[in-house]
Amino acid sequence: MTSGVKVADACKIIYEEVKKDKKHRYVVFHIKDGKEIDVEVIGNRNQSYDDFLEDLQKGGKEECRYGLFDFEYTHQCQGTSEASKKQKLFLMLWCPDTATVKRKMVYSSSFDALKKALHGVSKTIQATDLNEASQETVEDILRRNDRE
C-alpha cells in the first residue's frame, strides 16, 4: 500500500551528505502538508543519540517521524585483541503509541518510498516507544549482523 506521498529532492541530497561526506550525524524527516517527505532537522556530527531522540519527538507526542542516523560503535572480532570502529546507517520509523491511527497509517505506508530513495541504508527500525528506540536496543539490532 502506498500513500502517494513523494520524497523531496532535499532528502536525497542530505542523505548523500550523511552517507558519503559525513557532514551530519543524523536527519529527521517529516511529511509536509500531507504530500511530501521533507527534511525537518539536521544534526551535526558532534551531536549525540539523545539529541536525535529529542529531535524525533519535537513534533509532539501525537506525531510520527522518520530518522536517519549514522551510528558508530566498536566491534571486537572473536579471537582478536583489536577492536575496530564500525559505522552503520539506519532509518527509523518513529510512530509513538500516542499518535493517531490515521497519522500512523500515512507514515507507515510512506516508509517504503523513503527507503527506496535512500540507497545503502544498513537497517530499518520501527519504534513505537523510547525503549524500542533506545541506543542500547538499536545497537543490539545493528550488531546482529556482525561476525563474532
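Residues numbered from 1 in each chain as written. Predicted model: local features only at pLDDT ≥ 70, side-chain atom pairs only at ≥ 80, totals over all residues. Heavy atoms only, no water.

A. How the structure looks around the packing of aromatic side chains. Scanning the model with the defined rule gives 14 aromatic pairs in all. Seen in terms of ring centroids, Tyr 26 and Phe 52 are 5.3 Å apart; in terms of plane orientation they differ by 65 degrees. Their pairing is edge-to-face. Of the two residues, Tyr 26 sits in strand 2 (residues 24-32) while Phe 52 sits in helix 2 (residues 49-56), which places them 26 residues apart along the sequence. Since its relative accessible area comes to 0%, Phe 52 is described here as buried. For the pair Tyr 66 and Tyr 107, a centre-to-centre distance of 5.0 Å together with 40 degrees between the ring planes defines the contact as tilted. One end of the pair, Tyr 66, is in strand 4 (residues 65-76); the other, Tyr 107, is in helix 3 (residues 101-117), with 41 residues separating them in the sequence. On the basis of relative accessibility, which here comes to 1%, the residue Tyr 107 falls in the buried class. Aromatic rings pair up to connect Tyr 26, Tyr 49, Phe 52, Phe 69, Phe 71, Tyr 73 and Phe 90 into one cluster. (Phe/Tyr/Trp six-rings, centres within 6.5 Å; stacked < 30°, edge-to-face > 60°. Helix = DSSP H or I, 4+ residues; strand = E, 2+ residues; numbered from the N terminus. Buried < 20%, exposed > 50% of the residue type's maximum accessible area, 1.4 Å probe, protein only.)

B. Representation of helix 2 in the model. Turning to helix 2, its buried residues number three or more, namely Tyr 49, Phe 52, Leu 53, Asp 55 and Leu 56. Taken around the axis of helix 2, the buried residues stretch over an arc of 165 degrees, which confines them to a single face. Exposed side of helix 2, more than 90 degrees from the buried face: Asp 50 and Glu 54 are the residues found there. Against strand 2, strand 3 (36-44), strand 4, strand 5 (83-94), helix 4 (130-133) and helix 5 (135-143) lie the buried residues of helix 2. For helix 2, the capping residue at the N-terminal end is Ser 48, with a side-chain oxygen 3.3 Å from the backbone nitrogen of Asp 50. (Arc of directions from axis to C-beta. Contact = heavy atoms within 4.5 Å. Polar contact = N/O pair within 3.5 Å; in protein donor to acceptor, adjacent residues only side chain to side chain.)

C. Seen up close, the sheet that holds strand 5. Strands sit in the order 1-3-2-4-5-6 across an open sheet of six strands; the sheet is mixed. Of all strands in the sheet, those with a lone pairing partner are strand 1 (6-7) and strand 6 (123-127), marking the two edges. The sheet contacts of helix 2 involve strand 2, strand 3, strand 4 and strand 5, and relative to strand 4 the element is tilted by about 165 degrees. Strands strand 4, strand 5 and strand 6 of the sheet are contacted by helix 5, whose axis makes an angle of about 65 degrees with strand 4. (Pairing = 2+ DSSP bridges. Axes fitted to C-alpha atoms, helices over the stretch in contact; angles between N-to-C directions.)

D. Quick peek at the nonpolar core. If you look at the biggest cluster of nonpolar residues, it comprises 25 residues, and the most contacted ones within it are Phe 29, Ile 37, Tyr 66 and Leu 114. Elements with a contribution of two residues or more to this core: helix 1 (9-19), strand 2, strand 3, strand 4, strand 5 and helix 3. The residues touching Phe 29, leaving out its near neighbours within four places in the chain, are Cys 11, Ile 37, Asp 38, Val 39, Glu 40, Arg 65, Tyr 66, Leu 68, Leu 91, Leu 114 and Leu 118. (Core = buried A, V, L, I, M, F, W, Y, C linked by side-chain atoms within 4.5 Å.)

E. Spotlight on helix 1. Every buried residue of helix 1 is listed here: Cys 11, Ile 14, Tyr 15, Glu 17 and Val 18. Looking straight down helix 1, one finds its buried side chains confined to an arc of 160 degrees; they lie on one side. Summarising the geometry of helix 1, the exposed residues directed more than 90 degrees from the buried face are Asp 9 and Ile 13. Buried residues along helix 1 sit against strand 1, strand 2, strand 3, strand 4 and strand 5.

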